[in-house]
Amino acid sequence: MNGTNGHIVDATRITRVFPMPAGPVTAVADVSLHVGRGDHIAIRGPSGCGKSTLLHMLGCVDTPTSGTLLFDGRDVAQLSDRQRSLLRLRSIGFVFQRFFLLPMLTAAENVELPQSEANVAKDERRRRTRELLEYVGLGARADHRPAELSGGEMQRVAIARALANRPGLLLADEPTGELDRSTGAQIAALLDRVNADGTALVIVTHDPSLAERSRRVLNMRDGRIDEDRTLP
Amino acid sequence: MNAMGFAWRSLVRQPARAVLGVLGVAAVGALLFDMLLLSHGLVISMRDLLERTGFDLRVTATDALPGSGPLIPDAVAATHAIAELPTVRSAVALRFADAIVDHAPRGVQATLQGVAGSAAHPWTILRGRDIGSGAEIVINENAAGRLHAAPGTRITLRASCSSAEQSLPPVTFTVAGIARFPFDTPNGTTLAASLDQVGEACGASDVSEADVIMVASTESAGPDAAVAEVAQHFPALRVLSNADAVNRFERGGFTYFRQISTVLTTVTLAFAVLLITVLLTVSINQRLGEIAALRALGFSRWRVVADVFCESVLIVGGGGLLSLPLGAALALALDRILKRIPGIPADVHFFVYQPSALQLHLLLLAATAVIAALYPIRVVARLPIAATLRDEVVG
């Protein structure tokens, strides 16, 4: 379900301040951003500019110090920890730079895990897992553990895992950061396909070639969006 | 995959850690189990031994233990009178003395028992037959071995019946049978004859004195009623039921077993808690990124807490199961060592299994699993997802 204005995420003047021993540090300052269904957004900027903090707030793993963040029309600040967990489980997918696959589980089990947490029936889980591994081109590697996969293959499994519960929004934090150029391009193409199939995508990246594949590129500096470009 | 399955896979992922944890808990659990068996073992064993003799009351002249206090005068008449009481089924008088049996080169030291009364004698005949009238004697297996004696063999002994040095004439007995005595020590040499024969061997003018009168109550009356009735008729004597004797035994000299057990139980449990807490905490600290990622993917706080708790349960459960056979084997070995203490009857055990000990063992292990998991659970429950993900990437 989207918000009343059709946006998945409505961030209005959100700020995130971290208390530090040397004094408070403002990681994100007064940012407003709306993510609609099917959007493809890249966030760029130098290290420490607040990209990941913004992504974490959009993904409801962190809450703004001030401002309003609505997800599907619900004020995230008003949700309990359990409600936020459920929201992430059912509506948001995460892809991390370091994959964070569970090494003791096979590729299929990694993809099945969020579905299991969402109480999806076993047969449906199996079917969905097969479908997703085929989707990311790893149907033949379902029974392989992460240690037996290449970096690109691990990121493909991570993308399949992020899509397991059919989220409306996929957030990726430097998804090609640990990959070589060629493998990174394959992951970028896969993310394009995910977006083309209807999932909104917000990517934090240093990689210009990945960012340029988006339809909208936000440049951040010192916690603020200093450029918002829509690409043709 | 439920929390238990997930915890299992997490343990299998680091087999060395899992094995270390399980073996550590098994060792600690075995000690814990043994301490619980020890805490009441001696008392329970002594109670069982008293009950196995077939008598449930002991009548003595004073509070002193039989054989170490004054004799009961006119014990044979008292025994017959007690046996006639409505609450009493049977009674037997026993006298204890030391003896040296003639046997080259220096003789064999023995404990001599004299018995009189209506009841079955407090020993079990293994070979031959029980004593009859006349100078007959039954001996235990140790005596038979040392004296090379069998039913029909004649032995000569000199009794020593009081603390004062005596020079008593030798007395000759015919071995009627080989018997097993309930309070025999592993290497003890025990002989038993009729009370009057022992009295004569002791050179006593009054051969009816005894150290103790052992009494069996009727089933309908029970020991408490019999104690009351015997005490009423013989106010000068001290009457104890088996339960009273066990209580005295428990209060008197063996509370330190329970104290030692309590101290060692506390120490072993503390070790178990520390071991599991350290293992789980180290494991979790290695997986903070994964846990934060799972939380970001929508796993609830309770789910990741349950994963950690189940890991603790699996380590403690596995170790706890192993601890039972390990503890039983250890108890047998320790029991053999402790039974070398002089004067301990062969049928008395220090480590005695009882269902309540097993229940307490399981309860304490369950508490260990919970307490050991508290700190790692706190770490996981309070894990800041965003900061952890950021730190993992920067790290």
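Residues numbered from 1 in each chain as written. Chains lettered and ligands numbered in written order. Predicted model: local features only at pLDDT ≥ 70, side-chain atom pairs only at ≥ 80, totals over all residues.

Some words on the overall build of chain A
Part 1: Assigned secondary structure in chain A consists of seven helices and 10 strands.
Part 2: The C-alpha radius of gyration computed for chain A amounts to 17 Å, which stays within 12% of the reference 17 Å derived for 232 residues, consistent with globular compactness.
Part 3: Along the first, second and third principal axes, the C-alpha atoms of chain A reach 50 × 40 × 40 Å.
Part 4: A buried classification covers 51% of the 232 residues belonging to chain A. (Helix = DSSP H or I, 4+ residues; strand = E, 2+ residues; numbered from the N terminus. Rg over C-alpha atoms; globule rule 2.2 N^0.38 Å. Buried ≥ 20, exposed ≤ 12 C-beta atoms within 10 Å, placed from the backbone.)

Thoughts on the overall build of chain B
Part 1: Each helix and strand in chain B was counted, giving 12 helices and 10 strands.
Part 2: Expected size for 395 residues packed as a compact globule is a radius of gyration near 21 Å; at 31 Å, chain B overshoots this value by more than 25%.
Part 3: Dimensions of chain B, computed from C-alpha atoms along their principal axes, come out at roughly 100 × 50 × 35 Å.
Part 4: Within the span of chain B, comprising 395 residues, buried residues form 44% of the whole.

Overview of the interface of chain B and chain A
Reports often express the size of an interface as the amount of accessible area lost when the parts come together.
Part 1: The partner chain A presents 26 residues to the 21 residues of chain B that form the contact.
Part 2: Among the residues forming the side of chain B that touches chain A, the class breakdown is 10 nonpolar, four polar and seven charged. (Contact = placed C-beta atoms within 7 Å. Nonpolar A, V, L, I, M, F, W, Y, C, P; charged D, E, K, R; others polar.)

Notes on the sheet that holds strand S10 (residues 224-230) of chain A
Residues and elements named next belong to chain A.
Part 1: The six strands are arranged S6-S7-S8-S3-S9-S10 in an open sheet whose pairing can be described as mixed. Taken across any chain shown, the strands that pair with only one partner, and hence form the sheet edges, are strand S6 (92-95) and S10. Direction aside, neighbouring strands of the sheet carry axes that sit 15° apart on average.
Part 2: By the bridge criterion, four bridges tie strand S3 (residues 40-44) to strand S8 (residues 200-204) in an arrangement that is parallel. Bridged to Ala42 within S8 is Ile203.
Part 3: The strands touched by helix H5 (residues 151-162) are S6 and strand S7 (169-173); relative to S6, the strand with the most contacts, the crossing angle is about 170°. (Pairing = 2+ DSSP bridges. Axes fitted to C-alpha atoms, helices over the stretch in contact; angles between N-to-C directions.)

Things to note about helix H1 (residues 3-13) of chain B
All names here are of chain B.
Part 1: Taken together, the buried positions of H1 are occupied by Phe6, Ala7, Ser10 and Leu11. Mapping the buried residues of H1 onto a view down its axis gives an arc of 140°, with all of them on the same face.
Part 2: For H1, the elements touching its buried residues are helix H2 (15-52) and helix H10 (301-338). (Arc of directions from axis to C-beta.)

What about the sheet that holds strand S1 (residues 7-18) of chain A?
Residues and elements named next belong to chain A.
Part 1: Ordered by their spatial adjacency, four strands build an open sheet running S2-S1-S4-S5, and the pairing between neighbours is antiparallel. The open sheet has two free edges, formed respectively by strand S2 (25-36) and strand S5 (74-75), since each of these has just one partner strand.
Part 2: Both strand S4 (residues 66-71) and S5 contribute to a ladder of two bridges, which runs antiparallel. If you follow Phe71 over to S5, its bridge partner there is Arg74.
Part 3: Here helix H1 (residues 51-58) sits on the sheet in contact with S1, S2 and S4, set at roughly 50° to S2.

Thoughts on the domain arrangement of chain B
Residue and element names in this part refer to chain B.
Part 1: The domain architecture assigned to chain B consists of domain 1 (3-50 + 254-394) and domain 2 (62-236).
Part 2: Summarising the inter-unit geometry, the C-alpha centres of domain 1 and domain 2 are found 50 Å apart.
Part 3: With seven residues of domain 1 at the interface, the matching set in domain 2 holds five residues.
Part 4: Broken down by class, the residue content of the side of domain 1 that touches domain 2 amounts to four nonpolar, one polar and two charged. (Domains from an automatic or database assignment.)

A short note on the nonpolar core
Burial of nonpolar side chains together is a common tendency in soluble globular proteins.
Part 1: By size, the foremost hydrophobic cluster in this structure holds 129 residues, and its most contacted members are Leu170 and Val202 of chain A together with Ile276 of chain B.
Part 2: If you look at the next biggest cluster of nonpolar residues, it comprises 62 residues, including Ala91, Ala116, Phe173 and Cys202 of chain B. (Core = buried A, V, L, I, M, F, W, Y, C linked by C-beta atoms within 7 Å.)

Some remarks on H10 of chain B
Part 1: The terminal C-alpha atoms of H10 of chain B lie 51 Å apart, and with 38 residues this matches the ideal 56 Å at 1.5 Å per residue to within 8%.
Part 2: The principal kink in H10 of chain B, of about 30°, is found at Ser323 of chain B, preceding the proline Pro325 of chain B by one to four residues. (Expected span 1.5 Å × (residues − 1). Bend = angle between axes of the 7 residues up to and from the residue.)

Details of the environment of Asp391 of chain B
Part 1: Position of Asp391 of chain B among the secondary structure elements: in helix H12 (residues 385-394).
Part 2: For the pair formed by Asp391 of chain B and Gly289 of chain B, sequence separation is 102 residues and the distance between their alpha carbons is 8.5 Å.

A word on the packing of H1 of chain B against H10 of chain B
Think of two packed helices as two axes; the pair is described by the angle between the axes and how far apart they sit.
Residues and elements named next belong to chain B.
Part 1: The contact between H1 and H10 brings their axes to 8 Å, and the two run at 60°. Judged by the angle between their axes, H1 and H10 are oblique. Of the two elements, H1 crosses H10, and the hand of that crossing is right-handed. Every residue of H10 that contacts H1 at Ala3, Met4, Phe6, Ala7, Trp8, Ser10 and Leu11 is listed here: Arg303, Ala306, Asp307, Cys310, Glu311 and Leu314.
Part 2: In terms of residue class, the contact of H1 with H10 is made up of nine nonpolar, one polar and three charged. (Parallel < 35°, antiparallel > 145°, perpendicular 65-115°, else oblique. Left-handed = near helix turned anticlockwise from the far one by under 90°.)

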